[in-house]
Structures are given as C-alpha cells and as structure tokens.
Amino acid sequence: MGKLALVAKITHVPSIVLSEIDEGPRKGTRQDAIDGLKDIGQRCRDMGVDTFIVFDTHWLVNASYHINCAKHWQGNYTSNELPHFIANMPYAIPGNPELGKLLAKVANQMKVDTLAHDGTTLAPEYGTLVPMRYMNPDQHFKAVSVSALCMAHYLNDSARLGWALRRAIEDEYDGTVAILASGSLSHRFAQNGLAPEYAFKLWSPFLETMDHEVVRMWQSGEWKAFCEMLPEYAVKGHGEGFMHDTAMMLGALGWSEYDGHGEVITPYFGASGTGQINIAFPVTSVTGRAIPNSQASSAQGFQAASRL
C-alpha cells in the first residue's frame, strides 16, 4: 500500500517569479519563499515521494471536483490576471494518470462527485506551475492538479475529498505522495492603484492579526477550534479559493482529529495585500472519525454557499 509522506500549505504568489527574473528593484525580494519551496521539495525527495498532489486555488470550477492527471504538461504560461508578473514562463511536468484516476474512483465511492481528466489539453494553472518551478525543476516528481477554486461547493465536501484522497493513496496506491495546498491565508488584494504601496504588506491590520492567530493555532495544534472557525475565516479573511484547499488539506490530515503541529518553513509575509506562508504538517495516524459527511449529495433546499 502507499504512503502519504508530507502535507504542506504553500505560497504561489506571482511576485516569486518576478523576484527571480527581474533585474530591477524586485530582484531577490521573494528569495525566502523560493528557498522554502525548495526546502519542502528536498524533504519530499528525501522521503521518496514520487508524486505531488496540488490543490490549486487558481483552477476555477462550477460543478463537481476535477483532477487534471494528463500524462505530461509542457508549454509557456502567461498569467491572465498578472501578465506583467508571469509572462511566457516555460514549464514541463510529468503527470500521473494512474494515480489521478484512482483518486477520483475512491472519492466517488465516498460520495464526493469527482472527475479525472487524463486525456486532456487542459494545462495547469499557476497555483501548480509556480511551486513546481522551484520544487520540481528537473521533473523528478510527477504531479496531479486538483481544482480548488470551488465556486458552488461546501467546505465539508472538500474536507471529505481530502480524506478520500488519503484513503486512495494509503489503501490502493503503490507509491509515496505529498499533498500541497497551494493558496494564501487572507487574500484581500490591494485596491487598484495601490499595489506598489502594498507589495510587501497586508491590506489591513485586522487581516494580518487574524492570519497570525491562525498560524499560532496551527503551530499549537488547535485543530478542533480551527475547523470550527474555518467557514467564517474563509469569508472574513477573503480566503483564496474560499479556502477549499485548506479544507482539503485538513481532510487529508484527519480534520479536527489531527494532532500534529505545523512547522513554519517560510515565515508569514505580505504580498500585494495578501498573507502568504510555507508551512509543513507531519502526517499522523488518524481514524477518520471526525471527517464531515458528504453535504452536497444530501442538501435539502437552499443553503448558503460562498461566491466571488
């Protein structure tokens, strides 16, 4: 049977790429984030990881959960939202169709509607491409990308999806996997015209204070309290992808049953008004008893769901 070796919440902020290629004042300004991504990548190499599963908060979907598990991706990427930060960025990443289809199969068995796409021309979004640029430059790892900008989904279902992926890995996959939740903490961008002023800080003291408290809770292992506050934090913190990547990540770890402690790899930092971090979580033994039931398949009438 397979192994889930490591779980991490990681940054993909575009200024990482800008700091690498810029020859002006932004040169090297995100080196700490780059070093953190490389550090996590090296840990995964040392653990014998063969595939990254990336929860990508830039892959927008309106129905079901989706897994991009093409055999290989290659091309040049320009960000549609920040083309002056990421432009014509080359990428080449091996995929893992076998694992992707297995993940979808087990998720559906656990009543989370999920589709795997192996014969597709769909390329990954930069929530996958930016981390892979630094964690997998030599194509050592395979990767599978999971939609995590979920427009009409429940956080409980995303948590259950995360647990289903762990079950697929540990019960049926012959290999070693790491899970990366690719998204920020608070995600309130600086208002248009103020981006340069907020390049290295948060949009508000409230958001910064809230983010620091969340990091403290993760380091202290206060998972029951955090899981209870996650839906409100996702709304009031302008959560990237409505924080579905975080729910998926915690589902894989065991939700409120998880008893591990976060290890900060890249300390919390501000970027264009948003809160960013690289933080790793050890995988501990859990029963799955705290995993939420499937919610979408049992919804009766109107229930509130976040929208952009």
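Residues numbered from 1 in each chain as written. Predicted model: local features only at pLDDT ≥ 70, side-chain atom pairs only at ≥ 80, totals over all residues. Heavy atoms only, no water.

Participant: Could you give me a rundown of the overall build of the protein chain, with the residues and numbers involved?
Facilitator: Across its full length, the protein chain holds eight helices and 10 strands. Relative to the compact-globule value of 19 Å for 308 residues, the protein chain shows a C-alpha radius of gyration of 18 Å, a close match. Seen through its principal axes, the protein chain has C-alpha atoms that stretch 50 × 40 × 35 Å. Buried residues in the protein chain amount to 59% of all 308 residues. Residue pairs at least 24 apart in sequence account for 82% of intrachain contacts in the protein chain once pairs closer than 6 positions are excluded. Counting only carbon and sulfur atoms, one obtains 51% of the accessible surface of the protein chain, whose full area is about 12500 Å². (Helix = DSSP H or I, 4+ residues; strand = E, 2+ residues; numbered from the N terminus. Rg over C-alpha atoms; globule rule 2.2 N^0.38 Å. Buried < 20%, exposed > 50% of the residue type's maximum accessible area, 1.4 Å probe, protein only. Contact = heavy atoms within 4.5 Å. Areas by Shrake-Rupley, 256 points an atom, 1.4 Å probe, with all protein chains shown as cover.)

Participant: Hey, could you go over the pattern of salt bridges for me, with residue numbers and the actual values?
Facilitator: A full pass over the atoms with the stated rule returns 16 salt bridges. Where E263 meets R43, a salt bridge forms, and the shortest distance between an N and an O atom there is 2.8 Å. Taken together, the residues span a long stretch of sequence, with E263 in strand β9 (residues 263-271) and R43 in helix α2 (residues 31-46) at a distance of 220 residues. Owing to a relative accessible area of 24%, R43 belongs among the partly exposed residues under this scheme. A salt bridge links R216 to E222; the shortest N-O distance between them is 2.8 Å. Judged by relative accessible area, E222 falls into the partly exposed class, the value being 28%. Here the residues in one salt-bridge network are R166, R167, E170 and D171, joined through shared partners. (Salt bridge = Lys/Arg side-chain N within 4 Å of Asp/Glu carboxyl O.)

Participant: Any chance you could break down the sheet that holds strand β2 (residues 51-61) for me, citing the residues and the numbers?
Facilitator: Read across the sheet, eight strands follow the order β6-β3-β7-β2-β8-β1-β10-β9 without closing on themselves; strand pairing throughout is mixed. A strand with exactly one partner marks an edge of an open sheet, and here the two such strands are β6 (114-117) and β9. Between one strand axis and the next, the sheet turns by 20° as a mean value, whatever way the strands run. Contacting β2, β3 (65-68), β6, β7 (142-150) and β8 (176-182), helix α3 (residues 97-109) runs over the sheet at an angle of about 170° to β6. Helix α4 (residues 126-135) rests against β1 (3-10), β2, β7 and β8 of the sheet, and its axis sits at about 150° to β2. (Pairing = 2+ DSSP bridges. Axes fitted to C-alpha atoms, helices over the stretch in contact; angles between N-to-C directions.)

Participant: Explain the packing of aromatic side chains to me, and be specific about the residues and the numbers.
Facilitator: Centre-to-centre distance and the angle between the planes together describe a pair of aromatic rings. Tallied over the full model, the rule gives nine aromatic pairs. When the ring of W218 is compared with that of F281, the centres are 5.6 Å apart and the planes differ by 75°; the resulting orientation is edge-to-face. Remark: F281 occurs in strand β10 (residues 274-281) and W218 occurs in helix α6 (residues 205-220); sequence separation between them is 63 residues. F281 carries the same exposure label as W218, and that label is buried. Among the aromatic residues, those joined into a cluster by ring pairs are W218, W223, F226, Y233, Y258 and F281. The ring centre of W163 lies 4.9 Å from the NZ or CZ of R167, which sits over that ring. (Phe/Tyr/Trp six-rings, centres within 6.5 Å; stacked < 30°, edge-to-face > 60°. Lys NZ or Arg CZ within 6 Å of the ring centre and 35° of its normal.)

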